[in-house]
Structure formats: structure tokens, C-alpha cells
Amino acid sequence: MNLIAQLLGYLMRFVYDLVSKIGEEPENFSFLAITIIITTIIIKLMVLPLQLRSSKQMKKTQELQPQAQEIQIKFKHDPQTANIKIQQLYRENGASLTGGCLPLLIQFPVILAFIRVMSDLGVYVFHEAGMYEGMLKSFLWIKDLTLPDPYWFGLPLINGVTTYLQTLTTPKVGTAEQQAQAQQMQMMNILMPIMIFWFSRKYAGGFALYWTTSTLFTVIQSLITNWDLLFKKKEK
């Protein structure tokens, strides 16, 4: 985790050095805030190929649903064999119900590393004596991004809402039985926004800004790449 935090710190410093050359620093929108936003977008772009691959697999999975349902009917008295046949069908056609897990697994250590970096910018990003202490750290109503957002209705609430929107823009694919099992996870769709709201209240405002940018990127990307999966039935 420390290695990932160091790499993240190098990336943030590189971006900060570029951003600081654009001109005069806005008082309420510091170069640090701009750096966090740009760094987050760079990280999301690095993971984007995996997310696009996941979207492609989900679309393929949906296309195979008629065949999967036929297998379920044929082996309705042998659910174990039905599941094996369905998994084989998915595997042979490049589909997957778990393809979306890899991007999440990759981003999880980045989240932890970002919390660590924001808790000690002077160690991971700004090493020069006096530079970190004298720099602006503001973002609109947040005067210091190394401290938590002072308002619960600021970034914490925004993060809770956008995290819930992210769950809504995640397509639900699979057989009827698999979707019924997935509905049991609906509680997580409620608990996750609450948890992120709490994290955004507890940890540095810079982390909250990172999560806002990351989640909005994911929501927009999901709407673009999964539009037909999300709204195809509604259009019918």
C-alpha cells in the first residue's frame, strides 16, 4: 500500500507542477484541488479499458439470455448441471457475470492509497521544506482539503447521492434466478452510499473530492457505454 501511495504521490506532483504553470492560482479553487481532479481522471482513464471490456461482456451476457433460459428449462430438475452448462455457454462466447469485479478490485487499493496520501501530502507529494505549509489547499467552501469537509451537506452528501446513482447505472444481467439472487444485494446499494457519506465526513476533503470526481466519471461512462442495457427495455 505504501508503494501505491508513493506512485500516486509522484503522479500528483507531476500534475501539480504542470497545473501551477497555467497562471495565477484562484483563491477558492487551489492548484491542489485541480491536481486532485486531474489525477483522478487520469486514474479512471487508466482503468477505462477494463471497464469497457466489462461492459462488452455484460452486453454479450444479455444477448445469451434466451439460450441460458432454455438451458434452465431443460435442466430444471438439475440446477447444478444447468449452472455448469450456462457458465460454459458464457465462457465459449466471451461473456461473464463477474467481469465488472476486476476494475473494482484494482480501484480499491487506489482508494486506500489516496486516503494515505491526503493524510500526509508533505511526505508523499510535496517534499520541499516550507512548500506544503505555504500552499493554498482550498476548494470552494472547503478552506483546507487536508481536513474533512465542514458541511455534511457539501461533498459528503454529494458523494452519497452520486454513489447511489452509480448503483442505478450498473446494468443487471443474468438469468432470472441469478437476478433474483442479485436482488438480495439491494441492501448493499443502500449501505454503500451511507458508508461513503460517513467516509467523506471523516476523512480529508481531498479524498471526498477524489470520490466525487471518480464517481461522476463512472456514472457518465456507464451511461454512455451501457445505454442500451439500461434503457432498452424502457424504450420498448
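Predicted model only: the values in this text are computed from it and were never measured.

A. Representation of the side chain of Thr163 in the model. Tracing the backbone shows Thr163 in helix H8 (residues 155–168). In terms of polar contacts, Thr163 uses its side chain to reach the backbone carbonyl oxygen of Asn159, at 2.6 Å. In this view, Thr163 contacts Met192, Pro193, Ile196, Trp211 and Thr215; residues no more than four positions away in its chain are not counted.

B. Region of interest: the environment of Ile37. Within the fold, Ile37 resides in helix H2 (residues 31–63). When its relative accessible area of 22% is taken as the criterion, Ile37 is described as partly exposed. For the pair Ile37 and Thr213, spaced 176 residues apart in the sequence, the C-alpha separation amounts to 6.2 Å. The residues contacting Ile37, other than those within four sequence positions of it, are Phe29, Leu209 and Thr213.

C. Unusual backbone geometry, seen in detail. Even without glycine at this site, Leu140 takes up a positive phi of about 50°. Within the secondary structure, Leu140 sits in the loop between helix H7 (131–134) and H8. Residue classification places Leu140 among the partly exposed positions, given a relative accessible area of 41%.

D. Representation of the nonpolar core. Ranked by size, the top nonpolar core spans 36 residues in total, and within it Met12, Ile36, Leu121 and Leu145 carry the most contacts. Of all elements in the fold, only helix H1 (2–19), H2, helix H5 (101–119), helix H6 (121–124) and helix H11 (205–225) reach the threshold of two or more residues within this core. Those residues in contact with Leu121 that sit more than four places away from it in its chain are Met12, Leu32, Phe126, Tyr132 and Thr146. Leu64, Ala68, Ile71 and Tyr90 belong to the second-largest nonpolar core, a separate cluster that totals seven residues.

E. Spatial organisation of the packing of aromatic side chains. Using the criterion set out here, one finds twelve aromatic pairs in the structure. With a centroid separation of 4.8 Å and an interplanar angle of 75°, the aromatic rings of Tyr16 and Phe126 are classed as edge-to-face. On the criterion of sequence distance, the pair formed by Tyr16 in helix H1 and Phe126 in the loop between H6 and H7 is long-range, its members being 110 residues apart. An aromatic cluster of at least three residues, connected via ring pairs, comprises Phe114, Trp198, Phe199, Tyr203, Phe207, Tyr210 and Trp211. The ring of Tyr203 carries Lys202 above its face, with NZ or CZ at 5.8 Å from the centroid.

F. Seen up close, the side chain of Lys137. Examined against the element boundaries, Lys137 turns out to sit in the loop between H7 and H8. Buried charge Lys137 goes without a salt bridge, the closest partner of opposite sign being Asp144 at 5.2 Å. Not counting the four nearest positions on each side in its chain, Lys137 is found in contact with Ser30, Leu32, Tyr132, Ile142, Lys143, Asp144, Leu145 and Thr146.

G. Broad picture of helix H3 (residues 65–74). Every buried residue of H3 is listed here: Gln65, Ala68, Ile71 and Gln72. Here the buried residues of H3 occupy an arc of 115° about the axis, which is enough to place them on one side. Pointing more than 90 degrees away from the buried face of H3 are the exposed residues Glu70, Ile73 and Lys74.

H. Quick peek at the pattern of salt bridges. Inspection of the entire model under this criterion finds one salt bridge. In this structure, Arg13 engages Asp17 in a salt bridge whose closest nitrogen and oxygen atoms are separated by 2.9 Å. Note that Arg13 and Asp17 are positioned in helix H1 at a spacing of four residues, about one turn of the helix. By relative accessible area, which is 16% here, Arg13 ends up buried. Since its relative accessible area comes to 29%, Asp17 is described here as partly exposed.

I. How the structure looks around a nonpolar patch on the surface. A contiguous nonpolar patch, built from Tyr151, Trp152, Phe153, Leu157, Val161, Tyr164, Leu165 and Leu168 and spanning about 770 Å² of accessible area, is present on the exposed surface. You can call Leu168 partly exposed: its relative accessible area is 49%.

J. Molecular detail of the packing of H3 against helix H4 (residues 79–92). Running from N to C, H3 and H4 cross one another at 160°; their axes reach a closest spacing of 9 Å. By the criterion of interaxial angle, the relationship of H3 to H4 is roughly antiparallel. Remark: the crossing between H3 and H4 carries right-handed chirality. Along its contact with H3, which presents Gln65, Gln67, Ala68, Ile71 and Gln72, the element H4 presents Ala82, Lys85, Ile86, Leu89 and Tyr90.

Thresholds, definitions, all that
- Residues numbered from 1 in each chain as written.
- Predicted model: local features only at pLDDT ≥ 70, side-chain atom pairs only at ≥ 80, totals over all residues.
- Heavy atoms only, no water.
- Helix = DSSP H or I, 4+ residues; strand = E, 2+ residues; numbered from the N terminus.
- Polar contact = N/O pair within 3.5 Å; in protein donor to acceptor, adjacent residues only side chain to side chain.
- Contact = heavy atoms within 4.5 Å.
- Buried < 20%, exposed > 50% of the residue type's maximum accessible area, 1.4 Å probe, protein only.
- Core = buried A, V, L, I, M, F, W, Y, C linked by side-chain atoms within 4.5 Å.
- Phe/Tyr/Trp six-rings, centres within 6.5 Å; stacked < 30°, edge-to-face > 60°.
- Lys NZ or Arg CZ within 6 Å of the ring centre and 35° of its normal.
- Lys, Arg positive; Asp, Glu negative; His and termini not counted.
- Salt bridge = Lys/Arg side-chain N within 4 Å of Asp/Glu carboxyl O.
- Arc of directions from axis to C-beta.
- Patch = residues over 30% accessible without salt bridge, like charges linked within 9 Å, V, L, I, M, F, W, Y side chains within 5 Å.
- Areas by Shrake-Rupley, 256 points an atom, 1.4 Å probe, with all protein chains shown as cover.
- Axes fitted to C-alpha atoms, helices over the stretch in contact; angles between N-to-C directions.
- Parallel < 35°, antiparallel > 145°, perpendicular 65-115°, else oblique.
- Left-handed = near helix turned anticlockwise from the far one by under 90°.

Nothing here speaks to function; it is all geometry.
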